[in-house]
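# What the coordinates show
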Amino acid sequence: ITPEKFYVEACDDGADDVLGIDRVSTEVTLTVKKDVPPSAVTRPVFGILGTIRLVAGTYLIVITKKKKVGEIFSHAIWKATDFDILSYKKTMLHLTDIQLQDNKVFLSMLNHVLSVDGFYFSTTYDLTHTLQRLANTSPEFQEMSLLERADPRFVWNGHLLREFIAQPEIHRFATPVMHGFITMHSCSINGKCFDWLLISRRSCFRAGVRYYVRGIDSEGHAANFVETEQIVHYKGSKASFVQTRGSIPFYWSQRPNLKYKPKPQISKSVNHMDGFQRHFDSQIISYGKQMIVNLVNQKGSEKPLEQTFSKMVNSMANGMVRYMAFDFHKECSRMRWDRLQILMDQLADQQDEFSYFLVDSEGKTVTQQEGTFRSNCMDCLDRTNVIQSLLARRSLQAQLQRLGVLHVGQRIEEQADFEKIYKNAWADNANACAKQYAGTGALKTDYTRQRTQWGLIMDGWNSLIRYYKNNFSDGFRQDAIDLFLGNYSVDEVEPASPLHVKKDWKFLALPIIMVVAFSMCIICLLMAGDTWTETLAYVLFWGSASFGTFAIILYNGKDFVDAPKLVQKEKMD
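Residues numbered from 1 in each chain as written. Predicted model: local features only at pLDDT ≥ 70, side-chain atom pairs only at ≥ 80, totals over all residues. Heavy atoms only, no water.

### Focus on the UniProt feature "domain: SAC" (unreviewed entry) in the protein
Our working definition: UniProt positions are given in the numbering used here, feature names are shortened, and annotations may be inferred rather than shown by experiment. Under the DSSP-based scheme used, a helix requires at least four consecutive residues in state H or I and a strand at least two consecutive residues in state E, with every element numbered from the N terminus.
According to UniProt, the "domain: SAC" (unreviewed entry) feature falls on residues 110–439. Helix makes up 35% of residues 110–439 and strand 22%, whereas the separation of the span's terminal C-alpha atoms amounts to 16 Å.

Right under this line is the structure:
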C-alpha cells in the first residue's frame, strides 16, 4: 500500500506480475515487482474479492484469512474467514456529517454480508460447476480463466469483479467466490477408503432473506435457489449426484407483519406462466428432466400454493417436468419419521431413471445423470434438507455398490461410522443454508442426526430467534445483500439517501403507550386499591388500554417491522 496506489503481488514461485490499482483514477494495470516503491506498507492477502463504490468513493475488498477445507482431486479448497475493506480515498474530509453516517451504514452492510459463514474459493479448481458439467466441456473452455468460465449463478462477487472481467489480462488476480457449504471426508467401509464430498452452491440471483424474497422474478430466477452435489472419489473413479432446491416458482410474497406466520399472498396482477416457463426452461437446459417434490402443507395457508403449483405444472404440459406433492408435516406428525419411506418408494423408479454421473479411473464417462429432483417447502430449508439427504443416500448406496465398496446386500445405514459422518454432514449443510437465508440454524436437523425430544426444544428456540430476526432485523440484512450483489448502487451525488426514511408518529407512540398501560396494569394488581371493585376498575382500564394498543400495532404490523430501504422489493415481486 502506498498513498497513490495499491500493489497486489503474485506469490507463486517465479511470478513477477503485480497488479497496480491507482487510488485516484481507480485505473487497474499490470506492472512488475521492481515498480513497487520500497516505502510501500506490505501485508499478506489471499485473494481479491473486488471493488465497490460507496458514498466516500471506491473501496477494495480483500480476503485476509483463509482455512483449508480439503482437496478435490488434488486441488486445494479454501474457506475465506476474514476480509478487509480498504478505502481508495486517504481522507473523509470531503464528506458532510450525513454522508459520513451513510457511508458508515453501507460499510456495516458489507461487513454484515462478509460475516455470514460460507464463502469458499479455489485458485486452481472451478467450484461453480458440477462434475458432469465440467466433463461435458470443450478444450477452449478448459483454457479459460476461472473467472471467465465460472457459472455466474454461483459467483457471489460477480458484481464486485465487474471491472476485472472487462480486462482479460488481469483475470488471474480475481478470485471467483462461491457462497454455500462444502464438507469433505475421507471414509472407510469394508477397509476400502474413499473420499465423500458435499457441496451446496447458493444462487446470487434473487438472493435475499426469508420473508422478503419469495417466489421468482421476471427472469425465472427462484428465491433461495441452491444446487447441492454429492461426490464420491474411489480409486480414480468419480461419481456425482446433483439436486436443486428453490422457492415455489411463481409470483408470491409473505411479508413480515409481526404475526408468527404471515399469510402467503399469490399475486393476482401478473401472468405467472411467463416466469414459471422461464424457470423450468433454464432448469431443463442445466439439469435435464425435472421431478418436482413439493413438501408444503396441503391445508391451511400453504394449501393455495400447493394447488397453484400443481395446476401450473399441468397447464405447462411439458413431458420433461413431473410433479409430486407430499404433505411432510401431516405424514410425519408425532415424529413418525418412518413414513418418509412412503415418499422414497414413490420416487424410487424416477430416481433409477435419472441415475447419477459416473466416470471410471480412465476418465471414460460410464453414466450421465439424466434429470434432477427439485425439492421445495416454504423456506426450502428444513423439510427440503431431510428429503434431499434421503435421496442422496439412496444414490450413494447404488454408487458404492457399483464401485465395489459395499458388498451385495449391505446397506449404508448399517455402516455405523460412515452413517454418523453422513448424518452430521447433511445436518451441517441444513444449518449453513438456514443461517444464510433465515438467520438461524435449521429446524429438524436432529432428524438428519437422530430425532429427539431435545431437538423439538431446540426447534422451538430457533423458531423464536427466526421470528425476532425476520421482523426486526431482516430489512437491514436484505439491504446488505442487495448492496453486495449490485442490486442497489450507491450514487455519490445522490441528494436524498434512501437510508433516511421518516417513521410515522404511531411507530414511536403506540409501543410506548402499550408498555406504560401494561406496567400500570401490573402496578394496580400489586398495589390493590381500597376496595376490590376499585382495583378491578383500574386493572380493566389499563388492561384494555394495553390490549387495545397491542391490537392496533398487530393490525398495522407491516409498519412496525424492519423493512428493506434500498430496493423496492414490490417491483421485484
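### Concerning empty space enclosed by the protein
Selection criterion: Cavity and pocket criteria rest on a 1 Å grid covering protein atoms alone: a 1.4 Å probe that fits but cannot get out defines a cavity, protein on both sides within 12 Å along at least 5 of 7 lines defines an open pocket, and an atom within 4 Å of a point defines a lining residue. Grid points are joined across faces, edges and corners, and a volume is the space filled by probe spheres set on the points. Under the convention adopted here, Pro, Cys and the residues Ala, Val, Leu, Ile, Met, Phe, Trp and Tyr are nonpolar, Asp, Glu, Lys and Arg are charged, and Gly plus all remaining residues are polar.
As enumerated under the stated definition, the model contains two cavities of 30 Å³ or more in all. Of the volumes computed, that of the largest cavity is approximately 100 Å³. Lining the largest cavity we find His112, Val113, Val116, Trp156, His179, Arg202, Gln436, Arg477 and Ile481. Here the residues of the lining of the largest cavity are counted per class, giving four nonpolar, three polar and two charged. If you go around the second largest cavity, the residues you meet are Phe121, Ser122, Tyr125, Asp126, Leu127, Thr128, Leu146, Ala150, Pro176, Val177 and Met178.

### Some points on the side chain of threonine 183
To keep things clear, this is the line we draw: Pairs of N or O atoms are called polar contacts if they sit within 3.5 Å, as long as, within protein, a hydrogen donor faces a hydrogen acceptor (for residues adjacent in sequence, only side-chain-to-side-chain pairs). Any two residues having at least one pair of non-hydrogen atoms within 4.5 Å are treated as being in contact.
Position of threonine 183 relative to the elements: it lies in strand β8 (residues 178–189). Within the structure, threonine 183 has its side chain in polar contact with the side chain of histidine 185 (distance 3.1 Å). Apart from residues lying up to four places away in sequence, threonine 183 is in contact with Trp196, Leu197, Leu198 and Ala425.

### A look at the UniProt feature "transmembrane region" (unreviewed entry) in the protein
According to UniProt, the positions carrying the feature "transmembrane region" (unreviewed entry) are residues 507–529 and 535–555. Between the end C-alpha atoms of residues 507–529 the distance is 34 Å, and the span holds 87% helix and 0% strand. In residues 535–555, helix accounts for 100% and strand for 0%; the two terminal C-alpha atoms are 30 Å from one another.

### Things to note about the layout of surface pockets
Considered as a void within the structure, the largest pocket measures approximately 1100 Å³ in volume. Taken together, 39 residues make up the lining of the largest pocket; nearest its centre are Val8, Glu9, Ala10, Cys11 and Val45. If one sorts the elements of the lining of the largest pocket by residue count, strand β1 (residues 5–9) sits on top with four residues. By residue class, the composition of the lining of the largest pocket is 25 nonpolar, eight polar and six charged.

### Points about the domain arrangement of the protein
Keep this limit in mind: Domain ranges listed in this record stem from an automatic or a database domain assignment. Take the accessible area each of two parts loses on contact, using a 1.4 Å probe, and add the two losses: that sum is the buried area. Salt bridges are identified by distance alone: a Lys or Arg side-chain nitrogen within 4 Å of an Asp or Glu carboxyl oxygen.
Examined at the domain level, the protein breaks down into domain 1 (115–485) and domain 2 (505–571). Centre-to-centre, using C-alpha coordinates, domain 1 lies 42 Å away from domain 2. Each partner contributes residues to the interface: domain 1 has 16 residues there, and domain 2 has 14 residues. Summed over both sides, the interface of domain 1 with domain 2 buries roughly 1300 Å², with 60% coming from carbon and sulfur. The largest share of the area that domain 1 buries against domain 2 comes from Arg255, Leu258 and Asp479, three residues that together contribute 39% of it. Applying the counting rule to domain 1 against domain 2 returns zero salt bridges. Of all the elements in the fold, those that place two or more residues in the side of domain 1 that touches domain 2 are α13 (453–472) and α14 (474–484). Here the side of domain 1 that touches domain 2 is built from residues that sort into seven nonpolar, five polar and four charged.

### As for a nonpolar patch on the surface
Note the following rule: Only residues above 30% relative accessible area that lack a salt bridge enter a patch, with like-charged residues linked at up to 9 Å and the nonpolar side chains Val, Leu, Ile, Met, Phe, Trp and Tyr linked at up to 5 Å. Surface exposure here means Shrake-Rupley accessible area, sampled with a 1.4 Å probe, where a residue is shielded only by the protein chains that are shown. For every residue, the accessible area (1.4 Å probe, protein chains only) is compared with the maximum for its type, and the residue is labelled buried under 20%, exposed over 50%, or partly exposed between those bounds.
A cluster of nonpolar side chains, Phe518, Ile522, Ile523, Leu525, Leu526 and Met527, forms an exposed patch at the surface whose accessible area comes to about 650 Å². Here isoleucine 523 falls in the partly exposed class, since its relative accessible area comes to 39%.

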